[in-house]
Each structure stands twice: as C-alpha cells, then as structure tokens.
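Here's the letter readout for the chains.
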Amino acid sequence: MIVYRRSLTLSLFFKAYLSIAQSLDKQNIPHRTPVGDREKSGANTFHTLVPKSTQLFEKVSGDQPITDPIRRPQVHASAYKQVTGEAIYCDDIPKFENELYLAFVYSTKAHAKIVSIDPLEALDMDGVHRFFSADDLTEEQNKAGPVFHDEFVFVKDIVTTQGQIIGAIVADNQTIAQRAARKVKVTYEELQPIIVTLEDAISQESFYPGFPRIIVKGDVEDAFAKADVIVEGDCRMGGQEHFYLETQACLAVPKDSDEIEVISSTQHPTEIQHHVAQALGIPAAKVVSRVKRLGGGFGGKESRAAIVAIPVALAAHRLGRPVRCMLDRDEDMAVSGTRHPFYFRYKVGVSKEGKLIAGDFYAYNNGGHSMDLSFAVLERSMFHIQNAYRIPHLRVRGWVCRTNLPSNTAFRGFGGPQGMMAAETMMRHVARTLERDYVELIEMNMYQEGDTTHYNQRIEGCNVGKCWSEVLQSSDFEKRRLAVEAFNQEHRWRKRGIHVVPTMFGIAFTVLHLNQSGALIHVYQDGTVLLTHGGTEMGQGLHTKMIQVAATALGIPFDRIHISETSTDKVPNTSATAASAGSDLNGTAVLNACITIRERLEPFRKEYPDKDWNFWVSKAYFSRVSLSATGFYATPDLGYDFSSNSGKAFNYYTYGAACSEVEIDCLTGDHQVIRTDIVMDLGSSINPAIDIGQIEGGFMQGYGLFTLEEMVYSPQGQVYSRGPGMYKLPGFADIPGEFNVSLLTGAPNPRAVYSSKAVGEPPLFLASSVFFAIRDAVAAARREDNLTEDFTLVSPATSARIRTACQDKLVERFTKQQSNGRESGHVVSWNVMP
C-alpha cells in the first residue's frame, strides 16, 4: 500500500502536495503495472490499445532515455500559477476597453404572479445601457434547462422560487449595474401554496411527472414472508452548498457580425454553446465556448452555469460589445441551487443470523422549482441504495419532489452518497435490532466477486472486501474500539466513538450518450505538442493526468506537452466533466490520438533508429506527413433499461473503506475528529499524489456534508445561509488530527486508461464514518441516563443536533418548557430543513 500521513502542523497545502510527490517518488513506485501482475489478475488492460513497447520513442534529444511519466507523482500542471496567484480564471481575463457589466434582477417571492416590471428608474441612471427581459426573446428562445426545458432565461408570468431571474441590467461597470438592478420595480400577486420541505411535498404529492422510478429484483413480498426479523426505519439528509472559490462567471465577446465567443466558468462548454446558440437564434457553429480553468466546480457548474452565460451572451450579441458578469457570493448561494436533500424510508427482512433477505426502499429528493438533473440524481441514489451489500430481493421506488426552492443540481457524488447513507443507516438499525456487532453483519452481507446487483449487473474485480479488511488492520480498529469504551467509562461529559464504513461507487454517466469524449493533438516542428481534450480543469488535476498519458504514449518528457484550454472549436460535442469519468473518457481519447501520431512517425523511427524525437518530427513534416490527429472514445458495453431492469449501468466500481474516531463534548455538541484511516482501490494510479489529494479533499467535503454544512431556509423559501457567516465550512482545525490514506496495490483495472480508476466522487461518502462515530459517541452519552440507542440523528450532525441527541436532564427540561409553554401552539419555525 501507498501510505501518506498528514500532520495538522503542515498548513500550506502546496507544500504538502510537493512533499507527497517527493516522498512517493523516493518510494520508487512502479510507473507501470508489472506484466506478471497483469497476468495474475487476468486483466485485459488498455495496454492492448498500444504497441507492446509503451515507450516507442526512447530518446528525445541526444542519448538521454525518457522516464515514463505514468504512475509518477507529477506536480499539478497549474500548481505554481495557482499558489502564486498568476493563474487566470474567467473573471481574471483582462478587461476590454469597451466592456460592459451585467447584473440580474431576481424574484423576491417564492410563488407569485408578476403583475408588472418597471425598469424606467434604473434606465434613467447614468452609465446604464439596457434592460433585458423575456420581451427581448421569443417564447422558444426563452426556454432553458439541461434536459427538460422547463426553465426560462427570464421568467415572465409566474415566479416559482426566490432568486429566479426576471431581467438583467447592462451598465458601464459592476457598481452601476448592481445599483440599477435594485431600482427595477417588480409588482407581484402572491400565490399559494409555498412548498419548501420534502415532508410538505410528500404530503401534498407535489411530484414531477414520470415518477416513481422503480427497480425491482426478485420476489420481495415472498422474501419478507420468509424473513425472521423485519426492521423498518427512515433516513434524512440535508443539502450542501458547492461553495467553489470562483462563483458563477461569464465573459461574452461578439465576433464579426454574428459570431460570439463565450468564456465561462462551466464544467460543460458544449451545453453553454447549445444554450447560447438557441437563445441568440444562430447556429452552434458560430458560438465558441471556452474554459481556461475553473476555481472549483463540484457539479455546481455542470448545468447551472447556463443561467449566467445565456443573458451575458444575449447582451453582448445585441449590444455588439463585450459583456461580463460574476455573481457575488450571496447571489450565487441564493440562486444556483445545492446538493439534493433526500428522505428515505426502508423496510428490510433478515434471517436470525443477520443475513439480508429482502429490502423495500422509498426515495424522495427535493428537486426545487425545475427538473434540472434531479431525475438522474435520483436514479443514481437508487442504484446505490444497497451500497456494498447484497440484498437478493430488493425493490426501490423514487420520486423527485417539486418545491419552491432554487433548482437543486449536480454535486460531487450525484445522489450516490445519499443512497449509500440509507444503506448504512439500515445496516446499523438491523445490528441494533439483532443486538449484533455491525462489523459482523457488514462482513456477512458484503458483495463478493461474481455477485449481481439489484439492477442485475454482475460485479467483477470486487475489491471492497480487501479495502475493508486492510482498513481494519491498518487502523488497529479492535484495539482502539476497546480504548474508546474505556475512555467513555471514565468520562461523563466527553464521549468518543469509532466507526468503519465501506463504499462501492459506480463509474459512468447513467445517461448513455454522455459516455464519449474527444481529443486533438498537434505536434509542431520544434517537437513540442499542443494537446486539447473535452474535459475542463477545475483544480482536480485532469490536465496533468492527460499530459502524463500523452507523454507516456509518445515517449517524450512531460514538459514538452502543453494544454492551453478547453474549447468547443477544438473538440466538439464534449460531455460534462463530471461523474468521475474525466480521466477515463478523455484519457482514452488522448491515447487514441497519440497512437495515430506514433503510427505516422514509426517509419521514420525505423529508418533512423539512432536519431531522436525532434529529428523524426522534422522528417515527417518535410515528408508531408500530418502531425495533427484527433482521438475519440466511447465507453463500450454500457446501457441500462429501467423497464426491463437489464443492461450495464456502470463501467466498473471504485471501492474504499474508512475508519474514523471522534470525540464529542456532550454539553456543547462540539466534536473533533481524532483520527481517520482510508484505504481505496484506485487500480493502478496514474498520479498517486493527485489521487491522494482527491481522496483527502473528497473526504473533507463529505465531512462538511455529514457534520457541519447546513442550508438554512425560511418557511417562505428564502435562502438565509448566503455566506460563510451563516454557513459553516470545514476549516484547517477540522482536518483529522491523524489522517492516513492508503492506496490498494496489485489491483489493476481492465476497463480504464493505463489500468487506473476514477477518484473524484468515490471518497466523499467515506466521511459518513465520522457521522456514525458521532452517533456512537452520542449513544454512549445516552447510556449514562439509561436511554435507548434507537434515536434519530439527521445529517448533518451539527452541534445543535449532537447536543439535543445526548438527551440529558438539561435538554429534557428545555424541551418540556418549549412544548408546554403558553406560546407553544403559536410558534412558527424561523427556519426549515428543505
């Protein structure tokens, strides 16, 4: 295993990153899966896509051999620019001399009819050029939405959420534009009902059409009849704000007479291209959508970037001048949507030994006022409703709830963590009911090689058991669990908990056509290479990995290859950089393009074996051989059909396990993560340093989801949590005091480029080990007052929830006073959970 331990004293992440790279390099990590290992594993790896010699060109200049960049902890290609502040993001692009700024007019009601819109006072201000609204677009041009066009560029008649865009002011600069936007008068006639919470949506049956979605395997009712024990319960999770460092931003520049260039902070350049073309009424070929890099995305810039890009492009196109917009943080948090809150109900049948026999699940997500990607998020939660456990007879039904909130959207994990949370809650409920150790039940019911999921996909290369056993061993779980019990016996108001959680995350877009990618490679006369692919760089190191893939395939040094940006005029019809599939899809497309270049240069290498790369490139050029090539890849053997519950939903699975130990303060509800150990199966990692960073980052983002980050709404649908003052994010002090990350070795993946595995989303759910460790600590506190361990702890486990769950005499006195006081019947909550 590759192991890295982080110390809290190491506060500079870049310094930490370099130290990981150096330490891993010193360990002489093999930069290619050994042939013997591949033969033992029976892996038909993507090495079959290239000639047997993975270093076709062994020299670049002189007689110096080239070191294969694959498997090396290569430093992130933009790291130096990012830490010095020199990196260019969307809003850092220098201003044009005649540039204008756009500011939005937002709805202030969650459900209301628009009676009138009066922009006259705003238009009278100096420096204001134009007010745009639905009147400036045809009905068709005004439609928006990534799949279902149930949104509007500008809402015209009825607003269905606060923060919906009604219009846009274009002015000389940001200050004037924002002041003018506030002067636009909108008159409303309020409508009812206003639905905010999942509970209200369920009770009023406010569901989107086409639901429930249903997956059924086996005879569920017959299996329940044969079960020895039936366990029923529920699980509730809140949303999560993306809180990327760079908010939604866009710069549109008109070109020629009817062409336009859109530079935006988006994970999906092609979608921006299509939306802009539709809104402007011009062909997509006249719209160029560009992305240099993003200051974070996490899914929040997959579909929601369009709500900014379309109006900005419209203004630039109509006014013939560059137009820019970048949302303030409070605007972004109020209008761009969050991770989907979920509510689950479950009923599970088990044998008296603890073997799972049957499961029946109900899943509800809060979609907000429009569909966006909510249907796909729900489907992934349904696919992951069993996490890593085999339930022979299983039924899951899912609904997308329509509410008067900003449209919720993609977020790292895309419904997977929510579904797995239901599975883990269920497993621990079963363990309590049977009075058994949950560790034994997990090991008894964990998926094995060759098992079939409830959506009828056969599991191949099942390494979840290996990750589980290794984390138990590396964390010294049994010994530390005894130590936790001893600590709890000696302390009344401080309690500890320790818990282990597995994960099994499916890799692929569940929408079939998105599983494709393209690449373009140019080799210049000086031997340098310009590489373009369909993925966007948002800090995850995708460009770095793509350069490693190309450098290895071409046999040239890393620094001879450059990636400038992602652009639709270089690689068309790109899929979103999402679903953890960026490296898999684009990496194989890059490899495909490199193979073409290699094959064209092969005759010159054979004719001049003692020469170098630059010589062969020069010879090819003067021989009129093309030094430009495209690459394409479509993931094979994919396609799932809900109606028949058949087909292959995922390309493969990324596995992992984590053990976390926490300590809570029973009087304040505060907690601290003492130690976390993680073991993940990432196949043969292309870049261990980047992948370890992704595991750590994903874990900490999940830690926020399960413990700290709580979205706060009014009962009227207003977003209260509009900044870090009211929205608590993980900080340096929240990092586990000891943080050990290990990568499983000897487990090459036959279904991805260079035997690697996806890493972006899978680690996030492992942070639920902190949630369940907190629950264990709370249970220890409750035992002090002879209270049951069957209590509800809603995620996120905030300080308030931890404190009240401890349920001592102080809490009991307070709750009695609240429920029996004079005003108890008239109290309206100031905030609600969506």
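Residues numbered from 1 in each chain as written. Predicted model: local features only at pLDDT ≥ 70, side-chain atom pairs only at ≥ 80, totals over all residues. Heavy atoms only, no water.

### Quick look at the overall build of the protein
Along its length, the protein carries 22 helices and 29 strands. In terms of C-alpha radius of gyration, the protein reaches 27 Å, essentially the compact-globule figure of 28 Å for 834 residues. Structurally, the protein occupies a C-alpha span of about 90 × 75 × 55 Å along its principal axes. Here the protein, with 834 residues, has 61% of them falling under the buried criterion. In the form shown here, the protein has an accessible surface area of approximately 32,000 Å², with 50% of it arising from carbon and sulfur atoms. Averaged over its 85 positive side-chain charges, the protein has a centre that lies 3 Å from the centre of its 97 negative ones. (Helix = DSSP H or I, 4+ residues; strand = E, 2+ residues; numbered from the N terminus. Rg over C-alpha atoms; globule rule 2.2 N^0.38 Å. Buried < 20%, exposed > 50% of the residue type's maximum accessible area, 1.4 Å probe, protein only. Areas by Shrake-Rupley, 256 points an atom, 1.4 Å probe, with all protein chains shown as cover. Lys, Arg positive; Asp, Glu negative; His and termini not counted. Charge placed at Lys NZ, Arg CZ, Asp CG, Glu CD.)

### Here we look at the sheet that holds strand β12 (residues 249-255)
Taking strand neighbours across the sheet as the criterion, the eight strands line up as β4-β8-β2-β15-β12-β13-β14-β23 in an open arrangement whose pairing is mixed. Of all the strands in the sheet, the pair left with one neighbour each is β4 (128-132) and β23 (566-567). In this sheet, β23 lies alongside strand β14 (residues 287-291) in antiparallel orientation, the contact comprising two bridges. Paired with R290 across the two strands is S567, which belongs to β23. Strands β2 (100-106), β4, β8 (165-171) and β15 (323-326) of the sheet are contacted by helix α5 (residues 174-183), whose axis makes an angle of about 25° with β2. (Pairing = 2+ DSSP bridges. Contact = heavy atoms within 4.5 Å. Axes fitted to C-alpha atoms, helices over the stretch in contact; angles between N-to-C directions.)

### Focus: the sheet that holds strand β18 (residues 393-402)
Strand pairing within a sheet occurs via backbone hydrogen bonds; the two strands may be parallel or antiparallel. Here we have five strands laid out as an open sheet, ordered β10-β18-β17-β16-β11, and mixed in their pairing. Across the chains shown, the open sheet's two edge strands, defined by having one partner strand only, are β10 (213-217) and β11 (229-237). This sheet shows a mean twist of 10° between the axes of neighbouring strands, independent of strand direction. Pairing of β11 with strand β16 (residues 342-350), which is carried by nine bridges, proceeds in the antiparallel orientation. In the sheet register, I230 faces β16, and the bridge partner there is G349.

### Some words on the domain arrangement of the protein
Examined at the domain level, the protein breaks down into domain 1 (100-192 + 250-334) and domain 2 (516-634). Relative placement of domain 1 and domain 2: their C-alpha centres are 36 Å apart. Taking both partners together, domain 1 and domain 2 bury about 1,300 Å²; carbon and sulfur atoms supply 47% of that area. The largest share of the area that domain 1 buries against domain 2 comes from Q267, T270 and K292, three residues that together contribute 34% of it. One can count one salt bridge joining domain 1 with domain 2. For the pair domain 1 and domain 2, the number of links is seven residue pairs in polar contact (both at pLDDT 80 or more). The greatest single-element share of the side of domain 1 that touches domain 2, amounting to five residues, is contributed by β14. Looking at the side of domain 1 that touches domain 2 residue by residue, the classes come out as six nonpolar, eight polar and four charged. (Domains from an automatic or database assignment. Buried area = accessible area lost by both parts, 1.4 Å probe. Salt bridge = Lys/Arg side-chain N within 4 Å of Asp/Glu carboxyl O. Polar contact = N/O pair within 3.5 Å; in protein donor to acceptor, adjacent residues only side chain to side chain. Nonpolar A, V, L, I, M, F, W, Y, C, P; charged D, E, K, R; others polar.)

### Thoughts on helix α16 (residues 542-554)
Its 13 residues place the ends of α16 18 Å apart at the C-alpha level, agreeing with the 18 Å of an ideal helix rising 1.5 Å per residue. Most of α16 sits out of view: 13 of its 13 residues are buried. Two residues or fewer after α16 comes G555, characterised by a positive phi angle close to 70°. (Expected span 1.5 Å × (residues − 1).)

### A closer look at the pairing of strand β3 (residues 112-118)
Of the strand pairs in this sheet, β3 and strand β7 (residues 158-159) are connected by two bridges, and their pairing is antiparallel. Bridge pairing links A112 to V159 in β7. Across six bridges, the pairing between β3 and strand β9 (residues 185-190) is antiparallel. Bridging across to β9, D118 finds its partner in K185.

### Some remarks on the confidence of the model for the protein
On average, residues of the protein carry a pLDDT of 92, and 90% of them reach 70 or more. Low pLDDT (under 50) marks residues 4-18, which in the prediction has 39 contacts with non-local residues, meaning those over four places away or in another chain. The low-confidence segment residues 24-66, where pLDDT is below 50, has 99 contacts with residues more than four positions distant or belonging to other chains. (pLDDT = per-residue confidence, 0-100.)

### Description of helix α11 (residues 374-383)
Counting buried residues in α11 gives 10 out of 10 residues, a clear majority hidden from the surface. Inspection of α11 places S374, F375, A376, V377, L378, E379, R380, S381, M382 and F383 among the buried residues, and these make up the whole buried set.

### Description of the pattern of salt bridges
Evaluation of the coordinates by the stated rule reveals 42 salt bridges. Ionic pairing is found between R395 and D360, a salt bridge with its closest N-O pair at 3.0 Å. Within this pair, whereas R395 is found in strand β18, its partner D360 is found in strand β17 (residues 356-368), the two being separated by 35 residues in sequence. Per residue, the accessibility class of R395 equals that of D360, and both read buried. As a salt-bridge pair, E661 and R480 come within 2.8 Å of each other at their nearest N and O atoms. In this pair, E661 is assigned in strand β27 (residues 652-665) and R480 in helix α15 (residues 477-490), connecting sequence segments 181 residues apart. Note on accessibility: E661 and R480 belong to one class, buried.

### With respect to the packing of aromatic side chains
Aromatic rings considered in pairs are described by the distance between their centres and by the relative angle of their planes. For the structure on display, the rule yields 26 aromatic pairs. Relative to Y106, the ring of F104 lies with its centre 5.9 Å away and its plane at 50°, an arrangement referred to as tilted. Assigned by exposure class, F104 and Y106 land together as buried. Ring centres of Y346 and F361 lie 6.5 Å apart, and the angle between their planes is 45°; on these two criteria the pair is classed as tilted. Highlighted residues: Y346 in strand β16 and F361 in strand β17, separated in sequence by 15 residues. An aromatic cluster of three or more residues is present, and its members are F383, Y455, Y640, F642, F650, Y653 and Y655. Here R329 stacks its cationic end above the ring of F243, 4.2 Å away from the centre of that ring. (Phe/Tyr/Trp six-rings, centres within 6.5 Å; stacked < 30°, edge-to-face > 60°. Lys NZ or Arg CZ within 6 Å of the ring centre and 35° of its normal.)

### A closer look at the nonpolar core
By size, the foremost hydrophobic cluster in this structure holds 124 residues, and its most contacted members are M426 and I774. A per-element tally of this core places helix α20 (residues 768-783) first, with nine residues. Grouped together as the second largest cluster of nonpolar side chains are 44 residues, A551, L554, F558 and A581 included. (Core = buried A, V, L, I, M, F, W, Y, C linked by side-chain atoms within 4.5 Å.)

### Examining the environment of P417
Tracing the backbone shows P417 in helix α12 (residues 416-434). With a relative accessible area of 1%, P417 lands in the buried category. It is 18 Å that separates the C-alpha atoms of P417 and P730, two residues lying 313 residues apart in sequence. Each residue touching P417, except ones within four places of it in the same chain, is listed here: M237, R339, R412, L764 and F765.

### Some thoughts on the packing of α16 against helix α17 (residues 582-607)
One can describe the packing of α16 onto α17 by two numbers: an axis separation of 9 Å at closest approach and a directional angle of 30°. The angle between the axes of α16 and α17 places the two elements in the roughly parallel class. Note that α16 runs across α17; the crossing there is right-handed. Packed against α16, whose contacting residues are L542, K545, M546, V549, A550, T552, A553 and L554, the element α17 presents G582, S583, N586, G587, V590, L591, C594, I597 and R598 at the interface. Along the lines of polarity and charge, the residues of the contact of α16 with α17 split into 10 nonpolar, five polar and two charged. (Parallel < 35°, antiparallel > 145°, perpendicular 65-115°, else oblique. Left-handed = near helix turned anticlockwise from the far one by under 90°.)

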